[in-house]
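# Architecture and fold: a report
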Amino acid sequence: MHQARILLGVLAYEFKMQIRRRSLWIVFIGFAAIIIRILLNLIAQPELYGLDNLRLSTVVARGVFTLNILLPIPLGIFLADRLPRDRRTGVDELFTSMPGYLSTRIVGKYLGSTLATIIPMFVSYTILIGFLLYQTHNVFSIPLVLVDFLLIVVPGLLFVAAFSIACPTILWVPLYQFLFVGYWFWGNSYSPNTIIPTLSRTILTPIGTYISTGILGIPQVPWVQSAPFWEGLASLLLLLGITVLVLYVLWRYLSWEQARQ
Amino acid sequence: MQIEIDRLNKVYRGGIHALNDVDLTIPSGMFGLLGPNGAGKTTLMRILAGILRPTSGDLYIGEYDGNMEKGRMAIKRVLGYLPQELGVYPDLSAREFLDYIGILKGMDDRKTRQKKVGELLEVVSLTNVANRKLKTFSGGMKRRIGIAQALLNNPKLLIVDEPTAGLDPEERIRFRNLLSELAGDRTVLLSTHIVEDIAQTCRNLAIMNNGYVIFQGTTADLTLEARGKVWTVTTAGSKPQGDFTVVSTMHMGDSVQYRLVGELASPNGAVPTEPSLEDSYVWLMRESRTPRVIVAS
């Protein structure tokens, strides 16, 4: 019970500290501005993108997926300094002398800071909802965006967030951020029909290609036009499973590091 | 809450011996741990606080075994710890930071926690800046936040590592008095390399050097150690030469008075002087070049 309350407390404070970061809001508002520009183009020429002929569910899923091409990048970047910051400021020594378990602190930090980074990201999704309402005049686009967000976007975000919290324990933060941006494009958007091998045609791709195609039946990229339901589900479960595994490995690593000091 | 340390060793990676067979009994009340930088004080404090694990040896705090995970967790529940370098989140206010620490210490009830935070901010005279971000705080203010966080859970054992470093004289005095008041019903372990801090607050102390405990006893016992080893010499200006340590140099107009610690073979105008705690510390440090443990009866 104690640890559950400590977890909630850590979550609340990590959330508070992350959401107060001015740079976080500036970057996401910048992204939102780019999205507004793209959507204004769509409003001007809907026939060019075939919006007039598509079903609502397809339009919504495509919109959600399109936003997901870029928005997880700042999420990964802004989470990367959360754990090294504790070492840099020296609070980790103080916290270790307290009865809260290391595992509790890791999970609290992960959930709190991830949640706080998703909030400004949602500004862009609100803009998308506004656009869809304007374009389709159908209020069902609101719950559809939310469902698609939970299904297509959230598993990948949780996956990315776990790596961004964990990897900078052993990697210099700017180097991780650089590598992460490269990975994101290589592992998600890079066409597999080239000579360089990529993860973008595997169920390990966190952008939600297989979840969208397999579970929702809405293909998003030219190289995955169809996928069975189980592949979509496997992608979802794999992303969540790896998330848990990464956090577990992080906990074991930090415990080991603490013990060998 | 008594602390029993038996043959405690700590060897860091690379074979650096930070603690060597440390035996120490720390009774309730205020206890000073004195020694130069690198003596092993911080290592010992960090082991007591459950941050480091000893390489070998036994450690009991009250009834809790500091070598067992269960014991370590129980110790952490009754512990207040102020590290040498207090880490804070610069973007939190003093009140928020203390509230966060309260949560991590397992103070579940929000109202009780907030009340305690308010009281401690009052104790350390930071109520008027409680909502200011910690990045705007001076070193002294951060030290005060440090002591407030250490006291949040009303600890039975308070470990403070170099708490007065970087404080101005007034703040140092206030801090020392606060620690003495706190020692009334708990064990306060004060680690420092400033002899004056110990002299003003502790009756019992231990001295460490190179990972060894070289003295354990009362401040009065320590003073006795240097009796007959402290001298005053007045010269026209030339510095006395010999195998001793000059602990003070005072210009007196046309002459200079030196206070010396050491075994003077031929006193030659040197006047024996009553040792202070600092003289005794200097004497012990000289003597500890070859390690030996003095336990005063």
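This is a predicted model, so every value here is computed, not measured.

With that settled, consider the overall build of chain A. A tally of helices and strands in chain A yields eleven helices and zero strands. Counted from the first residue to the last, chain A has its helices and strands arranged as α-α-α-α-α-α-α-α-α-α-α. Here the C-alpha radius of gyration of chain A, 20 Å, is about what a compact globule of 261 residues would show, namely 18 Å. Overall, the C-alpha framework of chain A stretches about 65 × 40 × 35 Å when taken along its three principal axes. Across the 261 residues in chain A, those meeting the buried criterion constitute 50%. In chain A, 75% of the contacts between residues at least 6 apart in sequence involve partners at least 24 apart.

As a further point, take the sheet that holds strand β4 (residues 56–61) of chain B. The four strands lie next to each other as β2-β1-β4-β5 (chain B), forming an open sheet whose pairing is antiparallel. Two strands lie at the open edges of the sheet, namely β2 (16–26) and β5 (64–65) of chain B, each paired on one side alone.

Moving on: a negative patch on the surface. On the surface, Glu4(B), Asp6(B), Asp23(B) and Asp58(B) cluster together into a patch of negative charge. Assignment of secondary structure puts Glu4(B) in strand β1 (residues 3–12).

With that out of the way, let us pick up the interface of chain B and chain A. Listed by partner, the interface residues are 33 residues for chain B and 30 residues for chain A. Buried area between chain B and chain A, both sides added, is near 2900 Å², and the carbon and sulfur share of it is 61%. One salt bridge in this structure joins Arg5(A) and Asp108(B), with 3.3 Å as the shortest N-O distance. The interface formed by chain B and chain A includes eleven residue pairs in polar contact (both at pLDDT 80 or more). If you list the elements that add at least two residues to the side of chain B that touches chain A, you get β1, α2 (69–77), β6 (79–82) and α3 (94–104) of chain B. Sort the elements by how many residues they give to the side of chain B that touches chain A and α3(B) lands first, with seven residues. Of the residues that constitute the side of chain B that touches chain A, the class distribution is 18 nonpolar, four polar and eleven charged.

For an α-helix, 3.6 residues make a turn, and residues three or four places apart therefore share a direction. Taking burial as the measure, the eight residues of helix α4 (residues 72–79) of chain A include seven buried ones, the bulk of the element. All of the buried residues along α4(A) are Pro72(A), Ile73(A), Pro74(A), Leu75(A), Gly76(A), Phe78(A) and Leu79(A).

Residues and elements named next belong to chain B. With six of six residues buried, strand β3 (residues 29–34) is to be regarded as a mostly interior element. Judged from the six bridges that link them, β3 and strand β8 (residues 187–192) form a sheet pairing that is parallel. Bridged to Leu33 within β8 is Ser191. Bridge count between β3 and strand β9 (residues 204–209): four bridges; the pairing is parallel. Bridge pairing links Phe31 to Asn204 in β9.

Before going further, it helps to spend a moment on the confidence of the model for chain B. All names here are of chain B. Taken residue by residue, chain B gives an average pLDDT of 89. The fraction at 70 or more is 96%. Per-element averaging of pLDDT across chain B places strand β15 (residues 294–295) at the bottom with 58 and α3 at the top with 96. The ipTM, which scores confidence in the relative placement of chains, is 0.88 for this predicted complex, and the corresponding pTM is 0.89.

Moving on to a nonpolar patch on the surface. Together, Val139(A), Phe140(A), Ile142(A) and Leu146(A) make up a nonpolar patch on the protein surface, roughly 380 Å² of accessible area in all. Its place among the elements puts Phe140(A) in the loop between α7 (102–136) and α8 (141–166).

Right, let's get into the packing of aromatic side chains. Per the counting criterion, the structure on display carries 14 aromatic pairs over all chains. Relative to Tyr100(B), the ring of Tyr13(A) has its centre 4.9 Å away and its plane inclined at 25°; by these criteria the two rings are stacked. Here Tyr13(A), found in helix α1 (residues 2–19), pairs with Tyr100(B), found in helix α3, and the two come from separate chains. A single burial state applies to Tyr13(A) and to Tyr100(B), both of which are buried. Both rings, one in Phe180(A) and one in Trp184(A), keep their centres 6.3 Å apart while their planes meet at 40°; by these two values the pair is tilted. Of this pair, Phe180(A) and Trp184(A) both sit in helix α9 (residues 173–189), four residues apart, which is roughly one turn of that helix. Here the two residues Phe180(A) and Trp184(A) agree in accessibility, since each one is buried. The structure contains a cluster of three or more aromatic residues connected by ring pairs, namely Tyr176(A), Phe180(A), Tyr183(A), Trp184(A) and Trp186(A).

What follows covers the environment of Pro120(A). All names here are of chain A. Looking at the element boundaries, Pro120 is found in helix α7. Judged by its relative accessible area of 0%, Pro120 falls in the buried class. Between the C-alpha atoms of Pro120 and Leu24, which are 96 residues apart in sequence, the distance is 7.6 Å. Once residues lying within four places of it in the same chain are set aside, the contact partners of Pro120 are Leu24, Trp25 and Phe28.

So, about helix α1 (residues 41–48) of chain B. All names here are of chain B. Counting buried positions along α1 gives seven out of eight residues, so the element sits mostly inside the fold. Looking only at α1, the buried set comprises Lys41, Thr43, Leu44, Met45, Arg46, Ile47 and Leu48. Of the residues trailing α1, Gly50 is marked for its positive phi of about 80°.

A few words now on the pattern of salt bridges. One side chain can pair with another of opposite charge once the charged atoms of both are near each other. Applying the stated criterion across every chain yields a total of 23 salt bridges over all chains. Linking Arg72(B) and Glu69(B) is a salt bridge whose minimum nitrogen-to-oxygen distance equals 3.0 Å. Here Arg72(B) and its partner Glu69(B) are both found in helix α2, three residues apart, which amounts to about one turn of the helix. Members of the salt-bridge network, linked through shared partners, are Glu14(A), Arg85(A), Asp86(A) and Lys109(A).

Cut-offs used in this document
Residues numbered from 1 in each chain as written. Chains lettered and ligands numbered in written order. Predicted model: local features only at pLDDT ≥ 70, side-chain atom pairs only at ≥ 80, totals over all residues. Heavy atoms only, no water. Helix = DSSP H or I, 4+ residues; strand = E, 2+ residues; numbered from the N terminus. Rg over C-alpha atoms; globule rule 2.2 N^0.38 Å. Buried < 20%, exposed > 50% of the residue type's maximum accessible area, 1.4 Å probe, protein only. Contact = heavy atoms within 4.5 Å. Pairing = 2+ DSSP bridges. Patch = residues over 30% accessible without salt bridge, like charges linked within 9 Å, V, L, I, M, F, W, Y side chains within 5 Å. Areas by Shrake-Rupley, 256 points an atom, 1.4 Å probe, with all protein chains shown as cover. Salt bridge = Lys/Arg side-chain N within 4 Å of Asp/Glu carboxyl O. Lys, Arg positive; Asp, Glu negative; His and termini not counted. Charge placed at Lys NZ, Arg CZ, Asp CG, Glu CD. Buried area = accessible area lost by both parts, 1.4 Å probe. Polar contact = N/O pair within 3.5 Å; in protein donor to acceptor, adjacent residues only side chain to side chain. Nonpolar A, V, L, I, M, F, W, Y, C, P; charged D, E, K, R; others polar. pLDDT = per-residue confidence, 0-100. Phe/Tyr/Trp six-rings, centres within 6.5 Å; stacked < 30°, edge-to-face > 60°.

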